[in-house]
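# Secondary and tertiary structure notes
Listed below, chain by chain, are the residues.
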Amino acid sequence: QARMSGYDEGRISFSEQGLNREDQHRSETDFSDFVRKFQQGEVFPYREQLRKNTAMSEFRLEVNMDHLQTYNSEIHDELRENPAELMPLFERAAKQVYAGMLVGERKELEEISDIQVILTSSANPTGMRELAAKDYSKLTTIQGIVISASKPKVKATRIQLKCKSCNSTKYVNVKPGLSSCTFPRTCEGSGTENAAGQRCPLDPFQVIAENSSFVDLQTLKIQELPEKVPTGEMPRHMTLTLDRFLVGKVMPGAVISAAGIFTILNQKPKMASAASVRLPYLRVLGITEVTGVGGRMTDSDFSPEEETKFRQMAAMPDLHDKMRRSMAPSIFGHDMIKKALACQLMGGSRKALPDGARLRGDINVLLLGDPSTAKSQLLKFIEKAAPISVYTSGKGSSAAGLTATVVKDGQTGEFFLEGGAMVLADGGVVCIDEFDKMRPEDRVAIHEAMEQQTISIAKAGITTVLNTRTSVLAAANPVFGRYDDMKSAVDNIDFQSTILSRFDLIFIIRDVRDIERDERVARHIMSLHSGGASAAPVEGEIDLDTIRRYVCYARHKCHPRLSDAAARRLQDEYIRIRARYGQDTAEGAPAIPITVRQLEAIIRISESLAKMSLSNVATEKHVEEAVQLFKESTEDAASKGLMMEGMTSANVLADVLKSEKAIKERVGIGMSVPERALVNDLKERGINEGAVRKAISVMLQRQELELRSQGKYICRKR
């Protein structure tokens with residue numbers, strides 16, 4: 001009764017029914033015994049770790065929960081069930097062990113620093129969708145990708161209060177995490193009078209910050225891993241709080257595993273009807289960056305049997321063809337595109353130069369073509385096959401959504417960064433469908449991300465650079481929906497040369513009408529729909545999980561470089577391509593520029609082919625293959641602008657260009673001439689009639705000429 005006196009007056013701020021004194025003492029003794037006596041072989045790992053960390057002024061102790069279970073399973077189970085009560089005891093025990101180490105070294109009255117105990121656990125993480133009320137206040141491990149990190153803040157742990165009237169002081173302890181504390185409303189000296197003969201009023205206390213204790217605090221927002229999200233569902237989010245030595249350890253885009261106490265936010269809700277509803281968050285006790293998820297791998301993530309299997313795969317003479325056939329096996333044809341996608345998954349070698357410059361190793365691919373040529377299906381397959389991937393559509397993507405957003409915190413009013421698709425896919429592939437439907441200002445935002453592989457932000461007082469080491473796979477339609485043979489590639493491709501030069505491989509996919517090919521495609525589709533393809537997979541095909549693991553292994557283990565002979569061969573090839581396309585043609589500049597970036601593209605493709613075979617040297621054979629791939633894609637697309645339907649001959653092409661020049665000489669701007677007379681006139685000059693009619697057709701499409709009087713007269717407009 002006496003102990004609870006003053007409760008109604010508001011002098012007691014909160015009361016906890018926790019462990020009794022005996023249990024606390026027993027638990028503290030168990031923890032200090034564990035830190036002192038846990039032994040691996042001849043070594044006492046936690047004593048050594050504590051000595052090493054404190055010598056570097058890092059007052060922390062990382063404890064593996066598996067070790068605690070081995071040493072004392074009872075205290076391990078208690079810690080899992082009641083971490084909020086036992087963690088302060090664990091930290092107090094670690095501080096006692098540290099104090100014991102300092103005997104004889106410490107000056108008199110020198111204060112001993114608190115030790116932070118950080119927990120790591122190899123237990124399987126709980127899914128965000130599985131967290132429920134039963135997990136409240138228990139030790140929980142969750143996994144996710146960090147999408148935003150707040151600025152580090154300072155939180156009080158022990159506050160000194162001073163009465164304004166009688167100058168008496170008292171201390172109030174603050175719970176950790178996002179909890180707040182209640183100040184007492186009356187001074188304990190309110191029964192007595194002060195020097196002026198007045199009683200202490202209500203709410204007399206003010207905070208003395210100099211004598212209060214503070215720790216660093218940071219909040220993270222994590223999102224479910226994409227592979228854990230059920231189809232059609234929104235990814236779940238969770239707020240995490242980190243304190244002391246855990247602050248500032250992770251950046252947006254990192255995949256983390258966090259062990260902590262599942263807690264509820266004790267804030268007054270905005271709506272009175274939701275008075276009993278509280279938002280959950282995780283107060284983190286230990287955090288580890290996860291490898292083995294997505295493309296972030298270490299040597300320990302591959303078993304010896306797996307390594308042997310991959311080495312045997314790399315030794316296959318037809319591995320490149322097998323990988324090509326394994327890319328989207330349900331899609332017929334497109335062999336060169338599939339090979340390019342296999343190269344993109346592997347990627348080239350990233351290089352850091354002595355002057356600090358970095359050369360990207362990721363390969364960017366653009367698929368430009370007619371509708372119903374399986375572009376989106378290829379993108380969807382790569383999204384599944386790539387270890388880390390993000391799929392987005394051009395119309396539904398803004399510049400901020402692809403790069404990074406500056407978000408205002410509703411509680412503090414501070415601004416913080418939230419990484420977009422390209423930041424979250426760091427180390428993987430970003431698939432952008434309907435690339436041509438993106439607004440031009442949004443497309444410009446990814447220029448820097450595609451070449452420099454960084455995103456520079458200077459907004460709302462935040463100036464920073466984020467890493468976006470991703471490959472971009474984009475699919476687009478030509479300007480007119482279908483590829484128009486009557487128009488040049490410049491007119492068909494509505495992209496600026498700035499963005500086109502950033503793509504290493506550009507494929508123009510045509511829906512060509514060919515009876516034999518149409519029969520084979522129809523047969524293939526019929527077999528898919530009748531279940532034939534699912535019953536008997538393609539022979540020599542590598543399954544999707546093996547591809548994903550093999551790609552991770554190759555990217556982690558192998559960083560090829562060009563051999564001297566291969567470098568010379570590549571140099572000669574680049575000069576040849578440049579000589580062919582470097583000059584402006586009669587129609588103007590080529591649609592797709594051939595620049596130094598294209599030389600680097602062939603180098604990256606050569607390295608990716610070497611990486612596919614787990615070879616550390618890219619040889620002449622790899623260069624030959626890369627040049628062939630480049631010829632079939634970008635070089636072919638660059639020359640498409642000069643090729644019309646049925647005009648593969650260079651002589652006929654020259655005749656068309658010659659006819660255009662002659663028409664311009666013969667017909668002045670604004671003049672009208674009979675069509676028949678113009679054709680006869682040019683025939684007399686020795687130009688083929690077919691070429692003249694083709695030239696007129698092309699100029700009509702470009703709106704340089706106009707037909708009048710039911711097509712009998714031709715008028716030149718410009």
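Every value quoted in this text rests on a predicted model; they were computed, and no experiment measured them. (Residues numbered from 1 in each chain as written. Predicted model: local features only at pLDDT ≥ 70, side-chain atom pairs only at ≥ 80, totals over all residues. Heavy atoms only, no water.)

Within the secondary structure layout, Arg236 lies in the loop between strand 6 (205-223) and strand 7 (237-243). Linking Arg236 and Leu225, residues 11 residues apart in sequence, is a C-alpha distance of 9.2 Å. Look past the residues within four positions of Arg236 in its chain and what remains in contact with it is Met128, Arg129, Ile222, Gln223 and Glu224. (Helix = DSSP H or I, 4+ residues; strand = E, 2+ residues; numbered from the N terminus. Contact = heavy atoms within 4.5 Å.)

The next subject is the pairing of strand 7. Counting buried positions along strand 7 gives five out of seven residues, so the element sits mostly inside the fold. Taken together, the two bridges between strand 7 and strand 9 (residues 279-289) define a ladder with parallel strand orientation. Pairing of Thr241 across the sheet is with Arg283, part of strand 9. (Buried < 20%, exposed > 50% of the residue type's maximum accessible area, 1.4 Å probe, protein only. Pairing = 2+ DSSP bridges.)

As a further point, take the sheet that holds strand 12 (residues 365-369). One open sheet holds the five strands; their spatial order is 13-16-19-12-20, and the pairing between them is parallel. Each end of this open sheet is capped by a strand with a single partner; those strands are strand 13 (389-393) and strand 20 (505-509). For this sheet the average axis-to-axis angle between neighbouring strands, irrespective of direction, equals 10°. The pairing of strand 12 with strand 19 (residues 471-476) spans four bridges and is parallel. Its bridge partner being in strand 19, Leu367 is matched across the sheet by Ala475. Sitting on the sheet, helix 8 (residues 335-346) is in contact with strand 12, strand 16 (429-433), strand 19 and strand 20, with an inclination near 155° to strand 20. Against the sheet, helix 9 (residues 375-385) makes contact with strand 12, strand 13, strand 16, strand 19 and strand 20, and its axis sits at roughly 160° relative to strand 16, the strand it touches most. (Axes fitted to C-alpha atoms, helices over the stretch in contact; angles between N-to-C directions.)

This part takes up empty space enclosed by the protein. All told, the structure shown has one cavity of 30 Å³ or more when counted by the stated rule. Space inside the largest cavity adds up to approximately 30 Å³. Lining the largest cavity are Gly394, Lys395, Ser397, Lys437, Met438, Arg439 and Asp442. Looking at the lining of the largest cavity residue by residue, the class counts come to one nonpolar, two polar and four charged. (1 Å grid on protein atoms, 1.4 Å probe; cavity = no way out; pocket = protein on both sides within 12 Å on 5 of 7 lines; lining within 4 Å. Points joined across faces, edges and corners; volume = space filled by probe spheres on them. Nonpolar A, V, L, I, M, F, W, Y, C, P; charged D, E, K, R; others polar.)

To continue, consider the side chain of Asn477. By the element assignment, Asn477 lies in the loop between strand 19 and helix 14 (489-492). Residue classification places Asn477 among the buried positions, given a relative accessible area of 16%. In this view, Asn477 contacts Leu368, Gly369, Asp370, Pro371, Lys375, Glu434, Asp436 and Lys437; residues no more than four positions away in its chain are not counted.

This part takes up the pattern of salt bridges. Tallied over the entire structure, the rule returns 31 salt bridges. Where Asp114 meets Lys95, a salt bridge forms, and the shortest distance between an N and an O atom there is 2.9 Å. Remark: Lys95 occurs in helix 5 (residues 83-101) and Asp114 occurs in the loop between helix 5 and strand 2 (116-120); sequence separation between them is 19 residues. A relative accessible area of 52% means that Asp114 is categorised as exposed. (Salt bridge = Lys/Arg side-chain N within 4 Å of Asp/Glu carboxyl O.)

Side chains of Asp514, Glu516, Asp518 and Glu519 sit close together on the surface and give a patch of like negative charge. Tracing the backbone through its elements, the reader meets Asp514 in the loop between strand 20 and helix 16 (515-529). (Patch = residues over 30% accessible without salt bridge, like charges linked within 9 Å, V, L, I, M, F, W, Y side chains within 5 Å. Areas by Shrake-Rupley, 256 points an atom, 1.4 Å probe, with all protein chains shown as cover. Lys, Arg positive; Asp, Glu negative; His and termini not counted. Charge placed at Lys NZ, Arg CZ, Asp CG, Glu CD.)

Let us look at the nonpolar core. Judged by nonpolar contacts, the single largest core of 54 residues is most densely connected at Leu345, Leu367, Ile382, Leu473, Phe507 and Tyr550. At seven residues, the largest contribution of residues to this core is made by helix 8. With residues near it in sequence (within four places) discarded, Ile382 still touches Met327, Leu341, Leu345, Val429, Cys431 and Leu473. Membership of the second largest hydrophobic core comes to 32 residues, among which are Val423, Phe435, Leu466 and Phe495. (Core = buried A, V, L, I, M, F, W, Y, C linked by side-chain atoms within 4.5 Å.)

With respect to the helices and strands, Arg358 occurs in strand 11 (residues 358-359). Residue classification places Arg358 among the exposed residues on the basis of a relative accessible area of 65%. A C-alpha to C-alpha distance of 9.1 Å links Arg358 and Gln453, two positions 95 residues apart in sequence. Apart from the residues lying within four places of it in its own chain, the contact partners of Arg358 are Lys351 and Ala352.

Bringing the sheet that holds strand 25 (residues 713-716) into the picture now. Reading across from one edge, 23-25-24 is the order of the three strands in this open sheet, with antiparallel pairing throughout. The open sheet is flanked by strand 23 (672-674) and strand 24 (705-708), the only strands paired with a single partner. Strand after strand, the sheet turns through a mean of 30° between neighbouring axes, direction not considered. Contacting strand 23 and strand 25, helix 23 (residues 675-684) crosses the sheet at an angle of about 75° to strand 23. Against the sheet, helix 24 (residues 689-701) contacts strand 24 and strand 25, and its axis sits at roughly 100° relative to strand 24.

To continue, consider the confidence of the model for the protein chain. With 83% of its residues at a pLDDT of 70 or more, the protein chain shows a mean pLDDT of 77. Long-range and interchain partners of residues 1-17, a stretch whose pLDDT sits below 50, account for 17 contacts in this model, where long-range means more than four residues apart. For the stretch residues 641-649, pLDDT sits under 50, and the model shows 18 contacts to residues farther than four places along the chain or on other chains. (pLDDT = per-residue confidence, 0-100.)

Our focus in this paragraph is the packing of helix 4 (residues 73-81) against helix 5. The description of two helices packed together rests on the angle between their axes and the distance between the axes. As a packed pair, helix 4 and helix 5 sit with axes 6 Å apart at the nearest point and diverge in direction by 125°. When the interaxial angle is binned, helix 4 and helix 5 end up oblique. Together, Glu78, Leu79, Arg80 and Glu81 of helix 4 and Pro83, Leu86, Met87 and Phe90 of helix 5 make up the contact between the two elements. A per-class count over the contact of helix 4 with helix 5 returns five nonpolar, no polar and three charged. (Parallel < 35°, antiparallel > 145°, perpendicular 65-115°, else oblique.)

The buried count for helix 7 (residues 319-326) comes to six of eight residues, which makes it a mostly enclosed element. Regarding helix 7, the residues found buried are Leu319, His320, Lys322, Met323, Arg324 and Ser326. Positioned one or two residues after helix 7, Ala328 has a phi angle of 45°, which is positive.

What follows deals with the packing of aromatic side chains. Throughout the structure, instances matching the rule amount to 11 aromatic pairs. Between Phe34 and Phe38 the ring centres are 5.5 Å apart and the planes differ by 45°, which places this aromatic pair in the tilted class. Accessibility assignment for this pair places Phe34 and Phe38 in one class, buried. With a centroid separation of 6.4 Å and 70° between ring planes, the pair formed by Phe34 and Phe90 is classed as edge-to-face. (Phe/Tyr/Trp six-rings, centres within 6.5 Å; stacked < 30°, edge-to-face > 60°.)

Inspection of the secondary structure puts Asp243 in strand 7. A relative accessible area of 12% means that Asp243 is categorised as buried. Setting aside residues no more than four positions away along its own chain, Asp243 makes contact with Gln116, Asp216 and Leu217.

A word on helix 9. Looking only at helix 9, the buried set comprises Lys375, Leu378, Leu379, Phe381, Ile382 and Ala385. Along helix 9, the residues classed as buried sweep out an arc of 160° about the axis, all on the same side. (Arc of directions from axis to C-beta.)

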